[in-house]
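# Fold and geometry: a report
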Amino acid sequence: MTILTDRPSKDTGDTRDAASARSLVDTVFRAREISIAGALVLLILGTWISNPRFLDDQGVKDLLLNASILVLLAVGQSVVVVTRNIDLSVGSVVGLSAFACGKFVAGTDHGVLTVLLLGIALGVACGLVSGALVSFGRVPALVVTLGMLYIIQGLDYWWAQGDQISANDVPDPVLGLGSGSVLGIPYLPLIAVAVLAATAYYLRGYRSGRELYAIGSNPEAARLAGVPIRRRILGAYAFSGAVAGFAGALWLARFGTVVADNAHGWELTVVSAVVVGGVAITGGTGTVWGAALGALLLTTIGSALIVLKVDAFWQGAITGALLLAAISVDRIVSLRMTAALRKRSARHGNGA
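Residues numbered from 1 in each chain as written. Predicted model: local features only at pLDDT ≥ 70, side-chain atom pairs only at ≥ 80, totals over all residues. Heavy atoms only, no water.

## Digging into the overall build of the protein chain
Summing up its helical and strand segments, the protein chain has 13 helices and two strands in all. Counting the 352 residues in the protein chain, one finds 44% classified as buried. Within the protein chain, contacts between residues at least 6 apart in sequence are counted, and of these 79% link residues at least 24 apart. Of the roughly 17900 Å² of accessible surface on the protein chain, 64% is carried by carbon and sulfur atoms. (Helix = DSSP H or I, 4+ residues; strand = E, 2+ residues; numbered from the N terminus. Buried < 20%, exposed > 50% of the residue type's maximum accessible area, 1.4 Å probe, protein only. Contact = heavy atoms within 4.5 Å. Areas by Shrake-Rupley, 256 points an atom, 1.4 Å probe, with all protein chains shown as cover.)

## A few points about the environment of T319
Along the chain, T319 falls in helix α13 (residues 313-351). A residue is classified by how much of its surface remains accessible, and T319, at 14% relative accessible area, is buried. Taking the C-alpha atoms as reference, T319 lies 9.5 Å from L268; in sequence the two are 51 residues apart. If near-sequence neighbours (up to four positions away) are discounted, T319 is found in contact with S272 and L298.

## As for the nonpolar core
Grouped together as the largest cluster of nonpolar side chains are 81 residues, with contacts concentrated most on V71, L73, V94, V115, L250, W251 and L252. The element contributing the most residues to this core is helix α10 (residues 229-255), with 13 residues. If near-sequence neighbours (up to four positions away) are discounted, V71 is found in contact with A192, A292 and A295. (Core = buried A, V, L, I, M, F, W, Y, C linked by side-chain atoms within 4.5 Å.)

## Examining the confidence of the model for the protein chain
With 85% of its residues at a pLDDT of 70 or more, the protein chain has an overall mean of 83. When mean pLDDT is taken per element in the protein chain, α10 scores highest with 95 and helix α1 (residues 10-50) scores lowest with 65. (pLDDT = per-residue confidence, 0-100.)

## Considering the packing of helix α4 (residues 112-135) against helix α6 (residues 172-179)
Running from amino to carboxyl end, α4 crosses α6 at an angle of 75°, the nearest separation of the two axes being 8 Å. Judged by the inter-axis angle, α4 sits roughly perpendicular to α6. Listed contacts from α6 to V112, V115 and L116 of α4 are P173, V174 and L177. Partitioned by chemical class, the residues of the contact of α4 with α6 number six nonpolar, no polar and no charged. (Axes fitted to C-alpha atoms, helices over the stretch in contact; angles between N-to-C directions. Parallel < 35°, antiparallel > 145°, perpendicular 65-115°, else oblique. Nonpolar A, V, L, I, M, F, W, Y, C, P; charged D, E, K, R; others polar.)

## Looking at α4
With 24 residues, α4 extends 34 Å between its outermost C-alpha atoms, agreeing within 8% with the 34 Å of an ideal straight helix rising 1.5 Å per residue. Every buried residue of α4 is listed here: V115, L116, G119, G123, C126, G127, S130, G131, V134 and S135. The elements touched by buried residues of α4 are α3 (90-105), α5 (141-160), α6 and α10. (Expected span 1.5 Å × (residues − 1).)

## Details of α3
Its 16 residues place the ends of α3 22 Å apart at the C-alpha level, agreeing with the 22 Å of an ideal helix rising 1.5 Å per residue. Most of α3 is tucked away: 14 of the 16 residues are buried. After α3 finishes, the residue G107 shows a positive phi value of roughly 75°.

## Some remarks on the packing of α4 against α5
At a closest axis distance of 9 Å, the pairing of α4 and α5 adopts a crossing angle of 150°. As judged from the angle between their axes, α4 and α5 are roughly antiparallel. Crossing of α4 against α5: the hand is right-handed. On α5, the residues that touch C126, V129, S130, L133 and V134 of α4 are A141, V144, T145, M148 and I152. (Left-handed = near helix turned anticlockwise from the far one by under 90°.)

Pasting the structure below:
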């Protein structure tokens, strides 16, 4: 006669331990995002106390409009960074897309949808080139995207030949996308929030989205688990490029007048926003919501310094300081979490 006893299996214990580990990581980074939101609120309140016009109707609209494009780029960059890669070409893609879209619509009656699709198509093409070299060519992402930055900038300057697109040549419907609003809220922030929410839902709600985090956390384990790493990384770069191209089309709608070097130097600002927002540069952790908060914080700092009549030099200095602080915090948190998880694993092993 065989007696069956209810005894928790090792697999059950491992599953519970893994779930507990994920819960700990999520809690830590959620706290990071809350702290960023708190710093943002304090910054806005402090600037408003010094200059009440900072939060008047026009001031709020300008703040939202200025942050919209950076938020979009931070969202696209986050999808790449969580895979333990980086895309330094996003600023140059914005410039190329804005100028190409401007050339395409100048003196014509092309609609908004056509302009947006053109920008997205250009961005996807650039992203696929970078993604293919990184994922299939196994070339380091830093080298590939830095090279793409200079290639795209060179092509853009060669094409422009010092020319610029004037707002007078851009169709009114396109300009209306950048200046219009619904219920007093400009279109651009609404578009940015829609892209942000859709991306966040995809990363959390779909297996392929969660696999991006698995790749960033442990590429070898992801490979052994059957994750198509190369395809996922290629898709991440294509998405980042698509968002950057889309942002370039919105740049044209927002400003009307564009030149070849639009968004020049934005690459590091975007990376800073992502890292400050809690997306670990080593991959595997963070959310696009945090990246968006980081982008909004950096934009607000820039606007606050202008309102307070502080030298613009300090914006770069503060951005650099925040980036160093964020990377340091990520490293400290990572080491402490690793130690905590090892202790928890050891206790689980002793109790097994």
